[in-house]
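Spelled out from the first residue to the last, the chains are:
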Amino acid sequence: MDQALDIDRCDLEFKANNTEHHTEQNGVDRLIIRRGRPFTVSLHLHQSFQPQPDMALTLTVRTGPLPSRESGTMATVNVGDAIDKSRWSGTVSAQTGQTLSLTVCSPADAPIGKYTLLMGQTKAVSLCEFVLLFNPWCRRDAVFMENEDERNEYVLSQDGVIFRGTPPRFKELPWTFGQFEPGVLDICLRILDENPKFIHDADQDCSARRNPVYVTRVLSAMINSSDDRGVLMGNWSGDYTGGVKPTFWTGSGDILRQWNENECNPVRFGQCWVFAAVVCAVSRALGIPCRVVTNYGSAHDTDSNLVIEYMFDENDEDIGDDSIWNFHVWIDSWMARPDLNEGFNGWQASDPTPQERSGGIYCCGPVPVSAIKDGELTVKYDAPFVYAEVNADVVTMVRLKDGRTVKLDGNTTEVGHHISTKAVGKDERHDITNLYKYPEGSEEERMVFEKAKHHNKLLKSGEEPGVHIKIKIAKSTMIGTDFDVIAVVRNNSPTPKTFLLMFYARVLHYNGRTGDSCGFTDVSALKIEPSQETSTPLKLEYSLYGPTITDERLIKLKVLLIESESRQFHKETKTIVLDSPKIFINIVGVPKVNQKLTADITLLNPLPVPMHECVFSIQGIHLTGGQNIVHKIGTVMPEKYATAKVEFVPSSPGRNKLVVAFNSDKLSNISGYETIVIKD
């Protein structure tokens, strides 16, 4: 029989428990714990506790709307002499007068989520509610991470840097993940409850939440809204009427709160880095170590043959389906993979951007990064698609007006390079290409291609030897200015050659799709003597690229060279990212808690035309009270400064970032930050 207690009140010791469980950043007004680690509750009784023979104190924990012992969403245990960390257990840890302290511990594989703790069976009394999270500090948990600095970066850090642009001009986007902001954790749990698997079978779904692989796959589907009541709607059209331009977002918290407040209607709009940043915030909130990853030259293989097949007509119009995105962003999550053979624990890639269906829904992963590197394409989940993103081969074809198709070239190194993530503890780029693939052309890479049955591996053959094309860029490519790009053609063959040269410039979207032309020149009879070279300039004028340039400020250059006699084709491409003006941030005042600071913010208008609807947005964890401060400026004339003075009061000591974003009608997606060390 279970022994009843006359309980006056229950002290959940929020501060001590949450600090011990590394959840104090969520606040100390509720109990938030991590699995596999004990926590303590103190029962204040109306009278002293007297153990009764043949009677026991019993505890029951339950989660989900239909808890059951069979599914592991409910457990009842007798309070014993010691904690058994292999299952739910409890013990009396202290007894003083009318106060009885109980220590309770979950197994390291318990389902995460909201729980109720009850005492007794026949007349159960609810003691408390608590939230149980994954535990990267527990060796028995599937998400255990050994290194403390990595745990601080991939679980506890609320801000980071996302890399965009194009190598070597990487563009840093400071981002506020905000996983510990008020209300965010409950929103993350609501995302799990809105997924179709929960709606179909709530208890089975809650039971499966013990597995970080399952949770990560659910999040991959739920962050996009293509199949369900997901968080974000994607938009790559350039028309963002009725929503927010993806480049305007600087933090995950605003997106999550908007989704929650709008009754789970998708937030408009997101693109790949926004999808990845939101799922990173949710993963960290739930306790899964997570990082945002950028892949440059990222392939989208629509027919699953591991080859990107470019097809153009004679006017350089893309008439194919495959594409290579200038960059694409996804996440890596850290976990064990007991569902697979040995060797696949560690970082797992997953991609919430809706591209292709997996299992009937738009999601991707998680798949072990080590499996991608070693070409193990039978490993779950979606290995062929991710493998192609970083390691597909490329063939370029031209369809002539007479219907014939001419091969321009083949390339085995264009896809998957400079794979980047934020360095641990530093706002610097960390190159992790070696985790995803072996060096191009190495013996290991060849073996991997064989293992992956990459039988259509292309050889660089059929190109006339000795003809080389380079595209040179001006030192300064500041948006708003006119500048030259130069096609340099060198003839190292022993005979003179005559060419038709065509030099194209087109606005480029980050997903690899080209937009309007912003420059063209051609030379119909370019004669080059042996061992000589010639240069052909193309001026890029703001009057041409300015009206259609995207917020990413990308321009794709292409040189097409046709030998007059042999009709052999040569091609060279280069993507450039235009320089953008810097936001200068000067902090005035003494950086102390509860002491007002002022940020003097300036940005020079580099355009030859006025910028209208100029606005600065300022945000910082523990700096701006969780709010996004908007400072409207209006119109800024050419070569004049946009300026703002913004006051804020730090609420907590520590190292924090003040993130500033600038947007206007003609120049957007400009961001900067200032690191501030706040003292007590």
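Residues numbered from 1 in each chain as written. Predicted model: local features only at pLDDT ≥ 70, side-chain atom pairs only at ≥ 80, totals over all residues. Heavy atoms only, no water.

- Within an unreviewed UniProt entry, the label attached to the protein reads Protein-glutamine gamma-glutamyltransferase 2, and the organism entered is Clupea harengus.
- Database annotation for the protein, UniProt heading Sequence similarities (unreviewed entry): "Belongs to the transglutaminase superfamily. Transglutaminase family." (UniProt positions renumbered as here; feature names shortened; annotations may be inferred.)

## Comments concerning the overall build of the protein
Here is step 1: Along its length, the protein carries 13 helices and 38 strands.
Here is step 2: Relative to a compact globule of 680 residues, whose C-alpha radius of gyration would be 26 Å, the protein shows 29 Å and is just as compact.
Here is step 3: Across its three principal directions, the C-alpha atoms of the protein cover 105 × 60 × 40 Å.
Here is step 4: In the protein, which comprises 680 residues, the share counted as buried stands at 55%.
Here is step 5: Of all intrachain contacts in the protein linking residues separated by at least 6 positions in sequence, the fraction that spans at least 24 positions is 66%.
Here is step 6: As displayed, the protein offers around 28500 Å² of accessible surface, 48% of which is attributable to carbon and sulfur atoms.
Here is step 7: Of the side-chain charges in the protein, 71 are positive and 88 negative, and the distance between the mean point of each set is 3 Å. (Helix = DSSP H or I, 4+ residues; strand = E, 2+ residues; numbered from the N terminus. Rg over C-alpha atoms; globule rule 2.2 N^0.38 Å. Buried < 20%, exposed > 50% of the residue type's maximum accessible area, 1.4 Å probe, protein only. Contact = heavy atoms within 4.5 Å. Areas by Shrake-Rupley, 256 points an atom, 1.4 Å probe, with all protein chains shown as cover. Lys, Arg positive; Asp, Glu negative; His and termini not counted. Charge placed at Lys NZ, Arg CZ, Asp CG, Glu CD.)

## Section: the sheet that holds strand E32 (residues 584–588)
Here is step 1: Ordered by their spatial adjacency, three strands build an open sheet running E32-E33-E36, and the pairing between neighbours is antiparallel. Two strands lie at the open edges of the sheet, namely E32 and strand E36 (641–648), each paired on one side alone. Across the sheet, the axes of successive neighbouring strands diverge by a mean angle of 15°, strand direction being ignored.
Here is step 2: With eight bridges joining them, strand E33 (residues 597–604) and E36 adopt antiparallel strand pairing. Looking at the pairing, Leu 604 lines up with Tyr 641 of E36. (Pairing = 2+ DSSP bridges. Axes fitted to C-alpha atoms, helices over the stretch in contact; angles between N-to-C directions.)

## A short note on the UniProt feature "binding site: Ca(2+)" (unreviewed entry) in the protein
Here is step 1: With numbering aligned to this structure, UniProt lists the feature "binding site: Ca(2+)" (unreviewed entry) at Asn 391, Asp 393, Glu 440 and Glu 445.
Here is step 2: Examined against the element boundaries, Asn 391 turns out to sit in helix H10 (residues 383–391).
Here is step 3: If you trace the backbone, Glu 440 turns up in the loop between helix H11 (433–436) and helix H12 (443–451).
Here is step 4: Residue classification places Glu 440 among the partly exposed positions, given a relative accessible area of 31%.

## Details of helix H7 (residues 252–261)
Here is step 1: Taken together, the buried positions of H7 are occupied by Ser 252, Gly 253, Ile 255, Leu 256, Arg 257 and Trp 259.
Here is step 2: In this structure, the buried residues of H7 make contact with strand E11 (169–176), helix H3 (184–193), strand E12 (232–234), strand E13 (267–270) and helix H8 (272–286).
Here is step 3: Two residues or fewer after H7 comes Glu 263, characterised by a positive phi angle close to 55°.

## A word on the pattern of salt bridges
Here is step 1: For the coordinates displayed, the defined rule picks out 32 salt bridges.
Here is step 2: Where Asp 579 meets Arg 169, a salt bridge forms, and the shortest distance between an N and an O atom there is 3.2 Å. Remark: Arg 169 occurs in strand E11 and Asp 579 occurs in the loop between strand E31 (569–577) and E32; sequence separation between them is 410 residues.
Here is step 3: Residue Glu 533 is joined to Arg 490 by a salt bridge in which the shortest nitrogen-to-oxygen separation is 3.6 Å. (Salt bridge = Lys/Arg side-chain N within 4 Å of Asp/Glu carboxyl O.)

## Structural notes on H3
Here is step 1: By the criterion of burial, H3 is predominantly enclosed, with seven of the 10 residues buried.
Here is step 2: Every buried residue of H3 is listed here: Val 184, Leu 185, Ile 187, Cys 188, Leu 189, Ile 191 and Leu 192.

## Some remarks on the confidence of the model for the protein
Here is step 1: Of all residues in the protein, 92% attain a pLDDT of 70 or more, and the chain-wide mean is 89.
Here is step 2: Counted against residues more than four places away or in other chains, residues 453–465, with its pLDDT under 50, gives 32 contacts. (pLDDT = per-residue confidence, 0-100.)

## A short note on the sheet that holds E31
Strand-to-strand pairing in sheets goes through backbone hydrogen bonds, with the strands running parallel or antiparallel.
Here is step 1: Taken in spatial order, the four strands line up as E28-E27-E30-E31 in an open sheet, and their pairing is antiparallel. Either end of the sheet is taken by a strand with one partner, and the two such strands are strand E28 (514–528) and E31. Each neighbouring strand pair of the sheet contributes to a mean axis angle of 15°, computed without reference to strand direction.
Here is step 2: One ladder, built from 10 bridges, connects strand E27 (residues 497–508) with strand E30 (residues 554–563); its direction is antiparallel. Bridge pairing in E30 places Leu 508 opposite Leu 554.

## Some details on the side chain of Gln 348
Here is step 1: Its location among the elements puts Gln 348 in strand E17 (residues 346–350).
Here is step 2: Of note is the side chain of Gln 348, whose polar atom sits 3.2 Å from the backbone oxygen of Gly 346.
Here is step 3: In contact with Gln 348, not counting residues within four places along its chain, are Ile 331, Asp 332, Ser 333, Met 335, Arg 337, Pro 366, Val 367, Pro 368 and Val 369. (Polar contact = N/O pair within 3.5 Å; in protein donor to acceptor, adjacent residues only side chain to side chain.)

## A few points about the environment of Trp 273
Here is step 1: Residue placement: Trp 273 occurs in helix H8.
Here is step 2: According to the relative accessible area criterion, Trp 273 is buried, its value standing at 0%.
Here is step 3: Along the backbone, Trp 273 and Pro 352 are 79 residues apart, and their C-alpha atoms lie at a distance of 9.7 Å.

## Focus on the domain arrangement of the protein
Here is step 1: When the domains of the protein are assigned, the result is domain 1 (7–133), domain 2 (148–452), domain 3 (467–577) and domain 4 (583–678).
Here is step 2: Taken residue by residue, the interface counts 23 residues in domain 1 and 20 residues in domain 2.
Here is step 3: With both sides pooled, the region where domain 1 packs onto domain 2 buries about 1800 Å², and carbon together with sulfur makes up 56% of that total.
Here is step 4: For domain 1, the biggest contributors to the area lost against domain 2 are Gln 25, Asn 26 and Ile 112; these three give 30% of the whole. (Domains from an automatic or database assignment. Buried area = accessible area lost by both parts, 1.4 Å probe.)

## Considering the side chain of Ser 358
Here is step 1: Mapped onto the fold, Ser 358 is located in strand E18 (residues 357–358).
Here is step 2: For Ser 358, the side chain forms a polar contact with the side chain of Arg 217, separated by 2.7 Å.
Here is step 3: Among residues more than four places away in sequence, those in contact with Ser 358 are Arg 217, Cys 363 and Asp 382.

## What to know about the nonpolar core
Here is step 1: Of all hydrophobic cores here, the largest spans 60 residues; its most connected members are Trp 175, Ile 191, Val 231, Trp 273, Val 278, Val 282 and Leu 286.
Here is step 2: Counting residues per element, this core draws most heavily on H8, which supplies 13 residues.
Here is step 3: Counting 51 residues, the second largest nonpolar core, distinct from the first, contains Leu 526, Ile 583, Leu 603 and Val 660. (Core = buried A, V, L, I, M, F, W, Y, C linked by side-chain atoms within 4.5 Å.)

## Digging into the state of the cysteines
Here is step 1: Inspection of the entire model under this criterion finds zero disulfides.
Here is step 2: Between Cys 206, a free cysteine, and Cys 264, which holds the nearest cysteine sulfur, the sulfur-to-sulfur gap is 16 Å.
Here is step 3: Unpaired in terms of disulfides, Cys 364 finds its nearest cysteine sulfur in Cys 363, a separation of 7.4 Å.
Here is step 4: Accessibility expressed as a relative area gives 6% for Cys 364, which makes it buried. (Disulfide = S-S within 2.5 Å.)

## Thoughts on the packing of H7 against H8
Here is step 1: Where H7 contacts H8, the two axes come as close as 9 Å, and the packing angle between them is 85°. Relative to H8, the element H7 is oriented roughly perpendicular. Between H7 and H8, the contacting residues are Ser 252, Ile 255 and Leu 256 on the first element and Val 274, Ala 277, Val 278, Ala 281 and Val 282 on the second.
Here is step 2: Of the residues that constitute the contact of H7 with H8, the class distribution is seven nonpolar, one polar and no charged. (Parallel < 35°, antiparallel > 145°, perpendicular 65-115°, else oblique. Nonpolar A, V, L, I, M, F, W, Y, C, P; charged D, E, K, R; others polar.)

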